Amino acid sequence: MVLLPIPDVVQQLPAERTPDPMATLEETKQLFRTADAVCFDVDSTVITEEGIDELAKFCGVGEAVAQMTLKAMGGAVTFKTALTQRLGIIRPSQKQVHMFVADYPPRLTKNIKELIDRLHERDVKVFLISGGFRCIVDNVAKRLNIPPNHVFANDLKFDLNGDYAGFDETQLTCESGGKGKVIALLKERFNFQKVVMIGDGATDLEACPPADAFIGFGGNVIREPVKQKSMWYVTSCTELLEALEEES
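Keep in mind that this is a model prediction, so the values were computed, not measured. (Residues numbered from 1 in each chain as written. Predicted model: local features only at pLDDT ≥ 70, side-chain atom pairs only at ≥ 80, totals over all residues. Heavy atoms only, no water.)

It is worth spelling out the nonpolar core at this point. In this structure, Phe32, Phe40 and Leu128 are the most contacted members of the largest nonpolar core, which totals 33 residues. Discounting residues that sit within four places of it in the chain, leucine 128 has contacts with Phe40, Val42, Val46, Val137, Val140, Ala141, Ile146, His150, Val151 and Phe152. Core analysis: the second largest hydrophobic core is formed by 20 residues, Ala56, Cys59, Leu87 and Phe133 among them. (Core = buried A, V, L, I, M, F, W, Y, C linked by side-chain atoms within 4.5 Å. Buried < 20%, exposed > 50% of the residue type's maximum accessible area, 1.4 Å probe, protein only. Contact = heavy atoms within 4.5 Å.)

Below you can see the structure in the form of structure tokens.
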């Protein structure tokens, strides 16, 4: 069985942290401007599409999988359940995955590169935390100058013939609440004091806490339950770039 590589960050979780209440709008903006680290969701946030849906289309089962994605992003079912069901339909081979990444590279969200470049200039550590697949997310990270060990995503497994053989269920990102566990791990490992999570879905929102602030992103798709619960909700990277330049 072939297992795609994972980053060298240990999977042991730190002790539970007492959650803080979600920051107010102004506190969220200030936290964003002064953050030690900013964590981005990938699908429909850093890139314009949902990677698993695009892979499903490539494999000829797009419509069935897209409906499951909507349920997962809206929080109607647990993320791991939805991931298992969707991959059970797609069952992508190793060859199909490689062809998909080569022929249909993810499309970056408008101005996302400028935003991440600006964060890097401010010496802010940037991480990609995705419920999608490492084979897709690594392509995105490379284009955004984000190091591989700053990427957390799910690893597909294949047998010796290259046929689909499941996914690594030990990864934190395959479960509901997994993104929050990754952030807790990062805070423990790097002693970050201010971490901001940015994303479009329910699994991103629930990562705060342990994230110190959450910014809802609707630049590609607006998910109403997330919008309603977000203290700060933006629809473009330009809004985030402008916020960085505002005086504190």
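This part is about the pairing of strand S7 (residues 195–199). Counting buried residues along S7, 5 of its 5 residues qualify, which places the element largely inside the surrounding structure. With burial as the criterion, each face of S7 is covered, one bearing Val195, Met197 and Gly199 and the other bearing Val196 and Ile198. As judged from the 4 bridges shared by strand S2 (residues 37–40) and S7, these two strands associate in the parallel manner. Across the sheet, residue alanine 37 finds its bridge partner in S7, namely valine 195. By the bridge criterion, 4 bridges tie S7 to strand S8 (residues 213–217) in an arrangement that is parallel. Each residue of the ladder has a partner; that of glycine 199, found in S8, is glycine 216. (Helix = DSSP H or I, 4+ residues; strand = E, 2+ residues; numbered from the N terminus. Pairing = 2+ DSSP bridges.)

A word on the environment of phenylalanine 32. Looking at where phenylalanine 32 falls in the secondary structure, it is placed in helix H1 (residues 25–33). Here the alpha-carbon distance between phenylalanine 32 and alanine 213, two residues 181 residues apart in the chain, equals 7.8 Å. Every residue in contact with phenylalanine 32, bar those within four places of it in the chain, is listed here: Val38, Leu115, Leu119, Val196, Ile198, Ile215, Trp232, Leu240, Ala243 and Leu244.

Scanning the entire structure with this criterion turns up 7 aromatic pairs. Taking 6.1 Å as the distance between ring centres and 45° as the angle between the ring planes, the aromatic pair formed by phenylalanine 127 and phenylalanine 190 counts as tilted. Residue phenylalanine 127 is found in strand S3 (residues 125–133), and its partner phenylalanine 190 is found in helix H8 (residues 178–190); the two are separated by 63 residues along the sequence. In this structure phenylalanine 127 comes out as buried when scored by relative accessible area, which is 1%. You can call phenylalanine 190 partly exposed: its relative accessible area is 39%. (Phe/Tyr/Trp six-rings, centres within 6.5 Å; stacked < 30°, edge-to-face > 60°.)

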